[in-house]
Amino acid sequence: MAFKIGLLGLGTVGTGTAQILLNPQGRHPLLQEIEIHRVGVRDLDKSRSVQLPDGILTTYLEEIVNDPEVDIVVEVMGGLEPARTLILKAISSGKHVVTANKAVIARYGDEIFTAANQAGVYVMLEAAVGGGIPVIQPLKQSLGVNRIHAVTGIVNGTTNYILTRMQTEKGEFADILADAQQLGYAEADPSADVDGLDAADKIAILASLAFGGRIKLSDVYCEGIRGVSATDIAYAEKLGFVIKLLAIAKQDRQATAKAPEALQVRVHPTMVPLAHPLASISGVYNAIVVEGEPIGQVMFFGPGAGMGPTASAVVSDIMNVVAVLKSGGQPAKLHPLLSCSHQHYCTIAPMQELVTRFYARFLTYDRPGVIGKLGTSFGNHHVSLESIVQTGFHGTLAEIVVVTHDVREGNFRQALDEIRSLDAIDSIPSILRVL
Ligand code: NAP
Ligand code: HSE
């Protein structure tokens, strides 16, 4: 008897998923026991690049999630609604769920996993982070015995593509974005990618798994790449860095006995030292570095999106659920390595408590003593400088670039407030954190 799939969506990921399931030869033998039963779409007249059995396409998605013959609902339609409601209805009808929808999981994971645990069903989400890169199951299983210290990733291919091209072509953000949109690498509305929101969804999910607690999306600090300029990319290169949009979840070094779980969870453009494994990740690729004890450092690398890679992750989730069901797993007894058991919310450290290095670029009037005044203001707030250089001129303004040692962000911001009030300062065009 085959396990029956109700597929919600037949776009990029849905089509890739159907293609794998309809061509099981040469893949894991369990795939031969999986059948696509119904497929939900918006438009029945659209031409499709996959040949499905007659009569299984429908626009009534509720019928799929309520269909007593469906064992696993695969949500690859995207968006928040009706995806969230359909997932919850599938769960309440006793269906297992596989989803690629990071936006829904990052916002409604609490509601969805609570409902799934009550109903005794699995909700699987390998495709939601890193596309084809296996990182969810490794965090749950293979790395599960480690104490995780940090998860640091390039988890958005669009922004990595734009930053890579800005670096290689010395181009400005707006020009490269426009070209990326024309070439189909960036969406017409690029804000989810370029403002860091997609990466924030993904790091909230990774942090939850790595640190064993739920994460409120509103606690995730999020800064996108619109402010990154060709000038800063050139300075980064001179100083031995490359600028990447990093998503970081890290156990706070300031954690105390009173707040042992305080985590930093943040997304921002970052100066990455050229020797760091993430510095060489170019174009649309994703990579995630997991650091823990006793494993040390592990990097997951691969295609973070696309039909085939994302479908590979979706179907691997389907296969895992089928494997558990076949081996007699009872809904009332969820497999602890496949289900989500944590209930509490992690405490997230405020950004002013973050301790990191900073890069800042100042435009100043070219007067004697300006560098001294900058140094004094930083010193007044306990900000120690690693380097300070005057590198050139913008018209009549001098350009001064500073890299700090590790400092508390709150102190660095106070120093900047004082510096802004100095007569000699015209502006501070950029501030970037350094990994
Ligand atoms: P897509 O190409 O836009 O496909 C969406 C599919 O869902 C279409 O078949 C569409 O029907 C159907 N659909 C959407 N809203 C619907 C509604 N209200 N009622 C009925 N059908 C509806 O999307 P995608 O790129 O495959 O992405 C799907 C999910 O995977 C998203 O959550 C996305 O974030 C995630 N994901 C995508 C990638 C990727 O590389 N694309 C990578 C990782 C994760 P029609 O075909 O009739 O329009
Ligand atoms: N928009 C995402 C990216 C792809 O650019 O990485 C799907 O997660």
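Read on for a plain summary of the structure. (Residues numbered from 1 in each chain as written. Chains lettered and ligands numbered in written order. Predicted model: local features only at pLDDT ≥ 70, side-chain atom pairs only at ≥ 80, totals over all residues. Heavy atoms only, no water.)

### Quick notes on the site of ligand 2
- The full set of residues close to ligand 2 is Lys-102, Asn-156, Gly-157, Thr-158, Asp-193, Asp-198, Lys-202 and Ala-305.
- At 3.3 Å from an oxygen atom of ligand 2 is found a side-chain nitrogen or oxygen belonging to Asn-156.
- A distance of 2.7 Å separates an oxygen atom of ligand 2 from a polar backbone atom of Gly-157.
- For ligand 2, whose accessible area on its own is 260 Å², the fraction buried by protein is 78%.
- Contributions of two or more residues to the shell around ligand 2 are made by helix H6 (157–169) and helix H9 (197–211).
- When grouped by side-chain class, the residues that make up the shell around ligand 2 number 1 nonpolar, 3 polar and 4 charged. (Near = heavy atom within 4 Å. Polar contact = N/O pair within 3.5 Å; in protein donor to acceptor, adjacent residues only side chain to side chain. Areas by Shrake-Rupley, 256 points an atom, 1.4 Å probe, with all protein chains shown as cover. Helix = DSSP H or I, 4+ residues; strand = E, 2+ residues; numbered from the N terminus. Nonpolar A, V, L, I, M, F, W, Y, C, P; charged D, E, K, R; others polar.)

### A look at the side chain of Ser-339
- Assignment of secondary structure puts Ser-339 in the loop between helix H11 (307–326) and strand S13 (355–365).
- Those residues within four positions of Ser-339 in sequence are excluded, and the remaining contacts are Asn-117, Tyr-122 and Leu-334. (Contact = heavy atoms within 4.5 Å.)

### What to know about the environment of Val-194
- On the secondary structure map, Val-194 appears in helix H8 (residues 191–194).
- A relative accessible area of 0% places Val-194 in the buried class.
- Distance in space between the C-alpha atoms of Val-194 and Gly-224 is 5.4 Å, their sequence separation being 30 residues.
- Not counting chain neighbours up to four residues away, the residues in contact with Val-194 comprise Thr-159, Ile-162, Phe-173, Leu-177, Gly-224, Ile-225 and Arg-226. (Buried < 20%, exposed > 50% of the residue type's maximum accessible area, 1.4 Å probe, protein only.)

### Points about the site of ligand 1
- Inspection of the region around ligand 1 gives 22 residues, with Leu-10, Asp-43, Lys-46, Arg-48 and Gly-306 positioned closest.
- For ligand 1, an oxygen atom lies 2.9 Å from a polar atom in the backbone of Arg-42.
- For ligand 1, whose free accessible area comes to 900 Å², the fraction covered by protein is 78%.
- Taken together, the residues of the shell around ligand 1 break down into 10 nonpolar, 7 polar and 5 charged.

### Quick notes on unusual backbone geometry
- Along the chain, Glu-81 connects to Pro-82 via a cis peptide bond; the corresponding omega equals 10 degrees.
- Within the secondary structure layout, Pro-82 lies in the loop between strand S4 (72–75) and helix H3 (83–92).
- Between Glu-293 and Pro-294 the backbone carries a cis peptide bond, its omega angle lying at 15 degrees.
- Turning to its location among the elements, Pro-294 is positioned in the loop between strand S11 (285–293) and strand S12 (296–303).
- Look at Lys-170: it is not a glycine, yet its phi comes out positive at around 55 degrees.
- Turning to its location among the elements, Lys-170 is positioned in the loop between H6 and helix H7 (173–183).
- By relative accessible area, Lys-170 is classed as exposed at 54%.
- The phi torsion at His-382 lies on the positive side, around 60 degrees, for a residue other than glycine.
- Position of His-382 relative to the elements: it lies in the loop between helix H12 (370–380) and strand S14 (385–394).

### Here we look at the nonpolar core
- By size, the foremost hydrophobic cluster in this structure holds 77 residues, and its most contacted members are Ile-162, Ile-203, Leu-206, Ile-215 and Val-265.
- Among the elements that line this core, the one with the most residues is H9, at 9 residues.
- Not counting residues up to four positions away in its chain, the partners in contact with Ile-203 are Val-151, Val-220, Ala-247, Ile-248, Ala-249, Val-265 and Val-267.
- Judged by nonpolar contacts, the second largest core, of 35 residues, contains Phe-3, Leu-31, Leu-52 and Val-315. (Core = buried A, V, L, I, M, F, W, Y, C linked by side-chain atoms within 4.5 Å.)

### Concerning the pairing of strand S5 (residues 96–99)
- Burial along S5 is two-sided: His-96 and Val-98 facing one way and Val-97 and Thr-99 facing the other are all buried.
- Examined bridge by bridge, S4 and S5 share 4 bridges and lie parallel to one another. Across the sheet, residue Val-74 finds its bridge partner in S5, namely Val-98.
- Chirality of the crossover, the property in question, places the unit of S4, H3 and S5 among those that are right-handed. (Pairing = 2+ DSSP bridges. Right-handed = clockwise from strand over helix to strand, strands pointing away.)

### Quick word on the sheet that holds strand S1 (residues 3–8)
- In spatial order, the strands read S3-S2-S1-S4-S5-S6; together these 6 strands make up an open sheet with parallel pairing. What marks the edges here is a single partner per strand, and that holds for strand S3 (57–58) and strand S6 (123–124).
- In terms of strand pairing, S5 meets S6 through 2 bridges, oriented parallel. Opposite Val-98, over in S6, you have Met-124 as the bridge partner.

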